[in-house]
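# Coordinate analysis (summary)
Spelled out, the chains give:
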Amino acid sequence: MNSTYIVDISELLRGEIGKKQQFSFVLPNNFSEQSVFIDGKFFGDITYLGEELLIDFSTDEFTNKETCVRCLTECSRITSIDHASESYSLSDSDKNPFNLLSKKDTDESQTFLDLEPLLSQEIGLSFRTHPLCLEDCVGLCPECGTNQNLKYCGCSPKKSPNAFDTLKEQFNSKL
Ligand SMILES: [Zn+2]
Ligand SMILES: [Zn+2]
C-alpha cells in the first residue's frame, strides 16, 4: 500500500450499522502537474451500512491549470470537490469500480480503505471539457495566429461562403 490516503476501518466494520468514521488528509501542494492545492485538505466520512460503505468526501479549493480551447492560453480555474459520494459494496466486490479494501498481511483483523482512486477520479472530473479564458474569447486569427484578445492583427476576415451567392452564380451562368 503506497497510497497516502489510507483509512483503517477495522473498528468501523465491527461497529453498528449507521456508524460513521471521519477522515482528513493534508494534500501535497503539487498534487499533480495540472492540479495545485495550497495547504488543502481532503476530508469526509465513511458510513458503515452493513452490505456497503458510503464514502462522502470533499476537498478545499484548488487550482486546475486549463488551456483555453480558442486562444490556447492557460486559464487556471479555482474549484473544489463538494460532497462527492461513492458507495462501496462489501458483499459484491465486482460492483465496485475500484478495489479499495486491503488487509495487512501480518494481521487479518485489520482492514484498510484506500481512498486515492476516488480522489484521483474526482479531481480528473473537475476539469472543464471546453475551457475558455473568457466567455467571449475571440481566439486566434486563422490567418496569422495572433491572439485577437490581445492585439488586432488587421488580417481581413475570410468571406464566408454564402448559399445565395452560390445560387446566384449558378443562375447567372445559365443565362
Ligand atoms: Zn481564450
Ligand atoms: Zn491575423
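Residues numbered from 1 in each chain as written. Chains lettered and ligands numbered in written order. Predicted model: local features only at pLDDT ≥ 70, side-chain atom pairs only at ≥ 80, totals over all residues.

Another point: the overall build of the protein. If you tally the helices and strands in the protein, you get three helices and ten strands. For the protein, the N- to C-terminal ordering of α and β elements is β-α-β-β-β-β-β-β-β-β-β-α-α. When the 175 residues of the protein are sorted by exposure, 13% land in the buried category. Restricting to contacts in the protein with at least 6 residues of sequence separation, those with at least 24 account for 53%. (Helix = DSSP H or I, 4+ residues; strand = E, 2+ residues; numbered from the N terminus. Buried ≥ 20, exposed ≤ 12 C-beta atoms within 10 Å, placed from the backbone. Contact = placed C-beta atoms within 7 Å.)

This brings us to helix α2 (residues 116-125). Residues Leu 118, Leu 119 and Ile 123 constitute the buried set of α2. Projection of α2 onto a plane perpendicular to its axis shows the buried side chains occupying an angular sector of 125°, all on one side. Exposed side chains of α2 directed beyond 90 degrees from the buried face belong to Gly 124 and Leu 125. For α2, the secondary structure elements touched by its buried residues are β3 (35-37), β4 (41-48), β5 (52-59) and β8 (84-89). (Arc of directions from axis to C-beta.)

With that settled, consider the sheet that holds strand β6 (residues 62-64). Reading across the sheet, the three strands line up as β3-β6-β7 and stay open at both edges, with antiparallel pairing between neighbours. Among the strands making up the open sheet, the edge pair consists of β3 and β7 (77-79). Pairs of neighbouring strands in the sheet enclose a mean axial angle of 30°, with direction left out of account. Pairing of β6 with β7 involves three bridges; the strand directions are antiparallel. In the sheet register, Phe 62 faces β7, and the bridge partner there is Thr 79. (Pairing = 2+ DSSP bridges. Axes fitted to C-alpha atoms, helices over the stretch in contact; angles between N-to-C directions.)

Let us look at the sheet that holds β5. Taken in spatial order, the four strands of this open sheet run β2-β4-β5-β8, and their pairing is antiparallel. Looking at the sheet topology across the chains shown, the edges are occupied by β2 (20-26) and β8. Taking the axes of each pair of neighbouring strands and ignoring which way they run, one obtains an average angle of 20° across the sheet. Bridge count between β5 and β8: six bridges; the pairing is antiparallel. Counted as the bridge partner of Phe 57 is Ala 84 from β8.

Moving on to the nonpolar core. Ranked by internal contacts, the top residues of the largest apolar core, which has 18 residues, are Ile 46, Ile 55, Leu 113 and Leu 115. Only β4, β5 and α2 provide two or more residues apiece to this core. Ignoring any residue separated from it by four or fewer positions in sequence, one finds Ile 55 in contact with Gly 44, Ile 46, Ser 85, Glu 86, Tyr 88 and Leu 118. (Core = buried A, V, L, I, M, F, W, Y, C linked by C-beta atoms within 7 Å.)

Within the secondary structure, Gln 148 is located in the loop between α2 and α3 (163-174). Overall, the presence of 18 C-beta atoms within 10 Å leaves Gln 148 in the partly exposed class. C-alpha separation for the pair Gln 148 and Val 138, spaced ten residues apart in sequence, amounts to 6.1 Å. Not counting the four nearest positions on each side in its chain, Gln 148 is found in contact with Val 138, Gly 139, Leu 140, Cys 141 and Cys 153.

Our next topic: the confidence of the model for the protein. Predicted confidence across the protein gives a mean pLDDT of 89, with 86% of residues reaching 70 or more. Considering each helix and strand of the protein separately, the mean pLDDT is smallest for α3, with a value of 62, and largest for β4, with 98. (pLDDT = per-residue confidence, 0-100.)

Next up on the list: the pairing of β4. Of the two faces of β4, only one is covered, namely that formed by Phe 42, Gly 44, Ile 46 and Tyr 48; the face formed by Lys 41, Phe 43, Asp 45 and Thr 47 stays uncovered. As paired strands, β2 and β4 are joined by seven bridges and run antiparallel to one another. Opposite Phe 23, over in β4, you have Gly 44 as the bridge partner. Here β4 hands over to β5 after three residues, with Gly 50 in that stretch at a positive phi of 85°.

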